[in-house]
Amino acid sequence: MLPSDEIDTPRGPARIDTDLPPGPATALFVLGHGAGGSVDAPDLLAVRDAAVAAGLVVVRMTQPYRVAGRRAPAPAGQLDEAWTAVLAVLRDRHADVPAVLVGGRSSGARVACRTAGAVGAAGVVALAFPLHPPGRPERSRAAELDTGLPTLVVNGDRDPFGTPEPGPTVQVVTRPGETHDMRRDPAGTAAVVRDWLRAQGWASD
């Protein structure tokens, strides 16, 4: 793992934590955190470990509001703006890597979906995608998953935020016994992501 670094964005500095694979990189995989959480969430760390072992450069990005010490998330437009600025820098830093993938958990998954086209991503991994606010299924966010890109959604079957339906480019894997925090079996969640990355040709065997 490289030392933590900061990248300036229009919304203040964002922090990045970069892990490099042992050999040539097959893809750059950028992950974002949940609204009040951090990039050290168990599922994000497990996915990082599995992806790095499979040949990907993994960057976990901490949004500027969290770097500034705030727990309440910034508005969606500001999250997307900061994320897009960081992705532009990372693409330059890792220009020799053949593909860029984006993802994250909960709020971070939504940001990755909303900006996937703008940042030139080849695919999206959405962990604990919050389909709707708890108890408000009529306020669906399913349209955010409609990126037209290969997308993997991994949600728990006990998630009060709901679980999306699969679509033409969206594969949904439901993890038994998991709630929104996805803490019960992080290694199992990471294995699902690793297998999908391999099936898409973005990970080494």
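Heads up: the structure comes first, above all this text.
Numbers given to residues run from 1 along each chain, matching the order in which its sequence is written. Residue-level local features of this predicted model are given only where pLDDT is at least 70; pairs of side-chain atoms are given and counted only at 80 or more, and the full residue set underlies all totals for whole chains, interfaces and linings. With hydrogens and water stripped out, all remaining heavy atoms of the structure feed into the side-chain values.

(A) Region of the structure containing the overall build of the chain. The number of helices and strands found in the chain is 5 helices and 8 strands. Mapped from its N terminus to its C terminus, the chain presents α and β elements in the order β-β-β-α-β-α-α-β-α-β-β-β-α. With C-alpha atoms as the basis for the radius of gyration, the globule rule is written as 2.2 Å multiplied by the number of residues raised to the power 0.38. The C-alpha atoms of the chain give 15 Å as radius of gyration, which agrees with the globular expectation for 205 residues (17 Å, within 12%). Across the chain, the fraction of contacts at a sequence separation of at least 24, relative to all contacts at a separation of at least 6, is 62%. When the accessible surface of the chain is split by element, carbon and sulfur atoms take 51% of a total near 8700 Å². A run of DSSP states H or I qualifies as a helix once it reaches four residues; a run of E qualifies as a strand once it reaches two. Both are numbered from the N-terminal end. Contact between two residues is taken to exist if any of their heavy atoms lie within 4.5 Å; hydrogens are not considered. Only the protein chains shown count as cover for residues, and the accessible areas themselves come from Shrake-Rupley with a 1.4 Å probe.

(B) How the structure looks around the pattern of salt bridges. Salt bridge, as used here, is a side-chain nitrogen of Lys or Arg placed within 4 Å of a carboxyl oxygen of Asp or Glu. Enumeration over the complete set of coordinates arrives at 14 salt bridges. Across the pair Glu 81 and Arg 11 runs a salt bridge whose closest N-O atoms are separated by 2.8 Å. Here Arg 11 lies in the loop between strand E1 (5-7) and strand E2 (14-19) and Glu 81 lies in helix H3 (residues 76-93), a separation of 70 residues in the sequence. For the exposure calls, accessible area comes from a 1.4 Å probe over protein chains only, and a residue counts as buried if that area is under 20% of its type's maximum, exposed if over 50%, partly exposed in between. For Glu 81, a relative accessible area of 32% gives the class partly exposed. According to the relative accessible area criterion, Arg 11 is partly exposed, its value standing at 41%. Across the salt bridge formed by Asp 43 and Arg 105, the nearest N and O atoms sit 2.4 Å from each other. Taken as a pair, Asp 43 in helix H1 (residues 42-53) and Arg 105 in strand E5 (residues 100-105) lie far apart in primary sequence, 62 residues in all. If you follow the salt bridges from partner to partner, you end up with Asp 19, Asp 40, Arg 48, Asp 49 and Arg 60 in one network.

(C) Geometry of the packing of H1 against helix H5 (residues 186-199). An axis is simply a line fitted to the C-alpha atoms; with a helix, the fit covers only the stretch in contact. Between two such axes, the angle follows the N-to-C directions and lies from 0 to 180 degrees. As a packed pair, H1 and H5 sit with axes 8 Å apart at the nearest point and diverge in direction by 45°. Considering the angle they form, H1 stands oblique to H5. Taken as a pair, H1 and H5 cross one another with a handedness that is right-handed. The residues of H5 that touch H1, namely those facing Pro 42, Asp 43, Ala 46, Val 47, Ala 50 and Ala 51, are Pro 186, Ala 187, Ala 190, Val 193, Arg 194 and Leu 197. Relative orientations are named as follows: roughly parallel for angles under 35 degrees, roughly antiparallel for angles over 145 degrees, roughly perpendicular for angles from 65 to 115 degrees, and oblique for any other angle. Note on convention: near helix rotated counterclockwise from far helix by under a right angle means a left-handed crossing. Clockwise means right-handed.

(D) Summary view of the environment of Arg 194. Among the structural elements, Arg 194 can be located in helix H5. Ignoring any residue separated from it by four or fewer positions in sequence, one finds Arg 194 in contact with Ala 50 and Ala 54.

(E) Structural view of the environment of Arg 66. Mapped onto the elements of the fold, Arg 66 is located in helix H2 (residues 64-67). Taking C-alpha positions, Arg 66 is 9.0 Å from Ala 35, a pair spaced 31 residues apart along the chain. Residue contacts for Arg 66: discarding those within four places in its chain leaves His 33, Ala 35, Gly 36, Gly 37 and Arg 71.

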